[in-house]
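# Structure at a glance
One-letter residues, chain by chain:
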Amino acid sequence: NGSITSLTLIQFPCLPMAAAPVDAEEVAITDASPEEPAVVARCREGHLLQACPVITESSLSCDICGDGIRPGMEVWSCRPCDYDLCAACAADPHGRATSRMERRLASYSAQAQVYADETRRAAALAELPEKLRGAAPDAPGGGEGTVQELLKWFKGDFFRWTNKPVCPGCGQPATESRGMAEPQEEELRFGGSRVEAWSCVGCDIVARFPRYNDPARLLETRHGRCGEWANCFTLILSALGFDCRLAVDWTDHVWTEVRLDGKWVHCDSCEGSMDAPLTYEAGWGKRLSYVVAFSPQEVIDVTARYIVDWSLTLTRRTQVSEECMAELVSAADGRARQLPGSADAAPPPPWRSAEEAELGGRRRIGGVDSHRAGGLSPEALRGRLSGSAEWRSERGELGRTIPLRTSTSPRSVSLGGTSAGGSAEAAIGTLLGGAVLEEADGLASTDLTADCAAVEIAGAAGAPLEDALLSSDGFTVEVWYRVDLGRLHRDAFQNPLVSRHGAASGWELRLTRSGGVVFLVTAVGRHHELEGNALSTAPAAEAVVPALEEGGSWSFVAATFRDGTARLFMGPGSEPAAELKLPSGLGLDSFPGPLLLGRNPAWRDRGARCHIAAFRLSWTALEPAGFLPPPEVATFEVAMAMPTAVAS
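Rules and cut-offs
- Residues numbered from 1 in each chain as written.
- Predicted model: local features only at pLDDT ≥ 70, side-chain atom pairs only at ≥ 80, totals over all residues.
- Heavy atoms only, no water.
- Helix = DSSP H or I, 4+ residues; strand = E, 2+ residues; numbered from the N terminus.
- Buried < 20%, exposed > 50% of the residue type's maximum accessible area, 1.4 Å probe, protein only.
- Areas by Shrake-Rupley, 256 points an atom, 1.4 Å probe, with all protein chains shown as cover.
- Axes fitted to C-alpha atoms, helices over the stretch in contact; angles between N-to-C directions.
- Parallel < 35°, antiparallel > 145°, perpendicular 65-115°, else oblique.
- Contact = heavy atoms within 4.5 Å.
- Nonpolar A, V, L, I, M, F, W, Y, C, P; charged D, E, K, R; others polar.
- Pairing = 2+ DSSP bridges.
- Phe/Tyr/Trp six-rings, centres within 6.5 Å; stacked < 30°, edge-to-face > 60°.
- Core = buried A, V, L, I, M, F, W, Y, C linked by side-chain atoms within 4.5 Å.
- 1 Å grid on protein atoms, 1.4 Å probe; cavity = no way out; pocket = protein on both sides within 12 Å on 5 of 7 lines; lining within 4 Å.
- Points joined across faces, edges and corners; volume = space filled by probe spheres on them.
- Salt bridge = Lys/Arg side-chain N within 4 Å of Asp/Glu carboxyl O.
- pLDDT = per-residue confidence, 0-100.
- Polar contact = N/O pair within 3.5 Å; in protein donor to acceptor, adjacent residues only side chain to side chain.

### Considerations on the overall build of the protein
When helices and strands are tallied, the protein shows 16 helices and 31 strands. A buried classification covers 50% of the 648 residues belonging to the protein. Carbon and sulfur atoms make up 51% of the accessible area of the protein, which amounts to about 28200 Å² in all.

Written out as structure tokens, the structure is:
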């Protein structure tokens, strides 16, 4: 039902709340007439529901029809399963659920008809850059290359993500939600029946965020969340002549499918990803139930393409029976091709039989499809990238997470190592792009050797950490790492070890192919870097840093920055291997992106491909005596974020 934002008083009878067994005495709705049989109400797990009056204002809603349950109404609940029904749905759960599913399928199918509208298609083509305007599925280089170029342009240059709408007064994001506003006539013209209202604290102005359904309008506004992104991108693909569909996930996400080389391919414009259908379950941590694809000529249930274990998915597909779902989808599919003025429908598209055979093969009962569970691409294993970290965390889509340790003396956040004290819940590390925890040389380490692997570090609520670069006491970053020098790029900027760095601001530790480390501080668009080399003839560096060979040993690096002076240490307890005084009066700016281990947050194709046994970031410039000691044998716990209901 989503996050409960207010206290709800429900007057439960003095009955035990433990779920009743299926064969317990039936508890029935009592408002049926004597001639009618009583209707038994159960939750999706088969537990009997308990009828109770709602006394105070609440944010409860019916799990079948979605209507709010207000004071004075009766709610039928299973509290252990957090399942609630209004009285009408409890009286006829099958009929109401069927009707709701039918309406939802019809609504999305009607929306998809606009992709065949020639006026909208022409408007979409007019927005494309000249080099993409003539692109087509059969263009030189193939349709796949064309779609990849479109994804890059759409995400990088054309559309922008909206966490919160911009205040029309000051131009800054409005920060406080005021719920939903009444749509205006102009908004309704373009399908904006849902309008979010946000207030700007500084200006006391309400910023409106209409959720437009008309992709032609989105070509003008060019912003939104996943629904707007997928809707607009699907229209563009359709305008170029691609067979494409809008894929709608019942757990609240939307993307595009495009037909390439005879098969339907997943394409998510929000993430800039393509052909990674298991991203949502394997990377984001979602628990999918229904995924249905819509185009002007078809409606098809494509859930099996996006899940690993069909038998487990069936336990979540409880809104209607599988037989009923198949009938409803088939009926909606036929209506999408219904001929004007006739009850007859055009035949299914030519690819239908092959696709149904493909999906049918994936709907295997009795365990995990080992082929799909193994060999996942790094792209499929990463958490969600679009949206603020706080919003992604609320939705449970950051991916697999590990608790980090925070301390107040010194103020720091750390992963692994032997740091004592502090809290293990105040910060979170999210494993992205195939990053895994493993034991290496007796140490619990983070394996970042996959091409897209990284650890994104954020506060416990998913909010970005305060940028240590702006700390008045300076900062220190320390890492125990192991790297195969042969896998590093010859250019150090391609090998970020720890990074909170963009084009004009931030800081970064980089590895060099010769075994050295570069510490970079960027201010006002100017880069200032110093390098320490493990193979240096400096006695201090030579004495404490093990030789780095192919598949080599664990090494330590630390960098400090304070009062404009950057220092680099190539071993614990050592003297500085390099030192640099930045120009006086240099303005330092915070980089707005996240802190990453093993990858650059602004250029995600840059990565160090290493193992990290311990990491610590301190909001003070430490002396060598206070550096991290060699890590000891330790274990990590990995959690799969569970989604909650947060609006997309």
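### Observations regarding the packing of helix α3 (residues 118–127) against helix α8 (residues 226–239)
Their axes nearest at 8 Å, the elements α3 and α8 cross at an angle of 95 degrees. Judged on the interaxial angle alone, α8 and α3 are roughly perpendicular. Listed contacts from α8 to R120, R121, A124 and L125 of α3 are L235, I236, S238 and A239. Here the residues of the contact of α3 with α8 sort into five nonpolar, one polar and two charged.

### Remarks on the sheet that holds strand β7 (residues 205–210)
The sheet built from three strands is open, its strands ordered β5-β6-β7 with antiparallel pairing. Two strands bound the open sheet, and with one partner strand each, they are β5 (176–181) and β7. Strand-to-strand twist across the sheet, computed as the mean angle between neighbouring axes with direction ignored, equals 30 degrees. Across four bridges, β5 lies against strand β6 (residues 195–200) in antiparallel orientation. Along β6, the bridge assignment pairs S177 with W198.

### A word on the environment of C452
The topology assignment puts C452 in the loop between β19 (443–447) and β20 (454–459). Between the alpha carbons of C452 and G598 there is a distance of 8.9 Å; along the sequence they are 146 residues apart.

### A short note on the packing of aromatic side chains
Counting across every chain of the model gives 25 aromatic pairs. A ring pair is formed by Y108 and F294, whose centres lie 5.5 Å apart and whose planes are at 35 degrees; its orientation type is tilted. With Y108 in helix α2 (residues 93–112) and F294 in strand β13 (residues 291–295), this pair connects stretches of sequence that are 186 residues apart. Here F569 and F627 contribute two aromatic rings whose centre-to-centre distance is 5.1 Å and whose plane-to-plane angle is 75 degrees, an arrangement assigned as edge-to-face. Pair noted here: F569 is in strand β27 (residues 565–569) and F627 is in the loop between β30 (610–618) and β31 (639–640), with a separation of 58 residues, a long-range link.

### Some thoughts on the nonpolar core
Ranked by size, the top nonpolar core spans 68 residues in total, and within it L105, F154 and I236 carry the most contacts. Among the elements that line this core, the one with the most residues is α8, at nine residues. Here F154 is in contact with F159, W229, C232, F233, I236 and S269, once residues within four sequence places are set aside. Core analysis: the next-biggest nonpolar cluster, separate from the first, contains 46 residues, L448, W507, F561 and A566 among them.

### As for the layout of surface pockets
Counted as a void, the second largest pocket has a volume near 1600 Å³. W161, N163, S386, G387 and S388 are, among the 50 residues lining the second largest pocket, the residues nearest its centre. Elements with a contribution of two residues or more to the lining of the second largest pocket: β4 (160–161), β5, β6, α15 (389–395) and β20. Here the lining of the second largest pocket gets five residues from one element, more than from any other, and that element is α15.

### Regarding the sheet that holds strand β11 (residues 263–268)
Sheet architecture is open: six strands sit in the order β12-β11-β10-β9-β13-β14, paired in antiparallel fashion. With partners counted over all chains shown, the strands left at the sheet margins are β12 (273–274) and β14 (298–301), one partner each. The sheet strands contacting α8 are β9 (244–249), β10 (253–260) and β11, and the helix crosses β10 at an angle near 20 degrees. Along the sheet, helix α12 (residues 352–362) contacts β9, β11 and β14; its crossing angle with β14, the most-contacted strand, is approximately 15 degrees.

### Observations concerning the pattern of salt bridges
All told, the structure shown has 37 salt bridges when counted by the stated rule. Here R211 ties to E228 by a salt bridge, and the two come within 2.6 Å at their closest N and O atoms. Of this pair, R211 sits in the loop between β7 and α7 (215–221) while E228 sits in helix α8, and the two are 17 residues apart along the sequence. For R211, a relative accessible area of 6% corresponds to the buried category. Close ionic contact of R362 with E358 constitutes a salt bridge, the shortest N to O distance being 3.0 Å. Taken together, the positions of R362 and E358, both in helix α12 and four residues apart, correspond to about one turn of that helix. Residue classification places R362 among the partly exposed residues on the basis of a relative accessible area of 26%. E358 sits in the partly exposed class, given a relative accessible area of 28%. Through salt bridges with shared partners, a single ionic network connects R245, E257, E298, R305, D333, R337, R352, E355, E358 and R362.

### Observations regarding unusual backbone geometry
Note that the residue after S409, namely P410, is joined by a cis bond; omega there is -5 degrees. On the secondary structure map, P410 appears in the loop between β15 (400–408) and β16 (411–416). Although it is not a glycine, V524 sits at a positive phi angle of roughly 50 degrees. Residue placement: V524 occurs in the loop between β24 (516–523) and β25 (526–533).

### Structural notes on the confidence of the model for the protein
Per-residue confidence for the protein gives a mean pLDDT of 81; residues scoring 70 or more make up 81%. Scored below 50 in pLDDT, residues 1–39 shows 75 contacts in the model against residues more than four places distant or in partner chains. Across residues 534–552, confidence stays below pLDDT 50; counting only partners more than four residues off in sequence or on other chains, it has 30 contacts.

### Observations regarding the environment of P71
Topologically, P71 is positioned in the loop between β1 (50–53) and β2 (74–78). Along the primary structure P71 and P53 are separated by 18 residues, whereas in three dimensions their C-alpha atoms are 7.7 Å apart.

### Description of the side chain of E228
The buried category is assigned to E228, whose relative accessible area is 2%. For E228, the side chain forms a polar contact with the main-chain nitrogen of R225, separated by 2.9 Å. With sequence-adjacent residues up to four places away left out, E228 is seen in contact with F159, F209, R211, Y212, L218 and H223.

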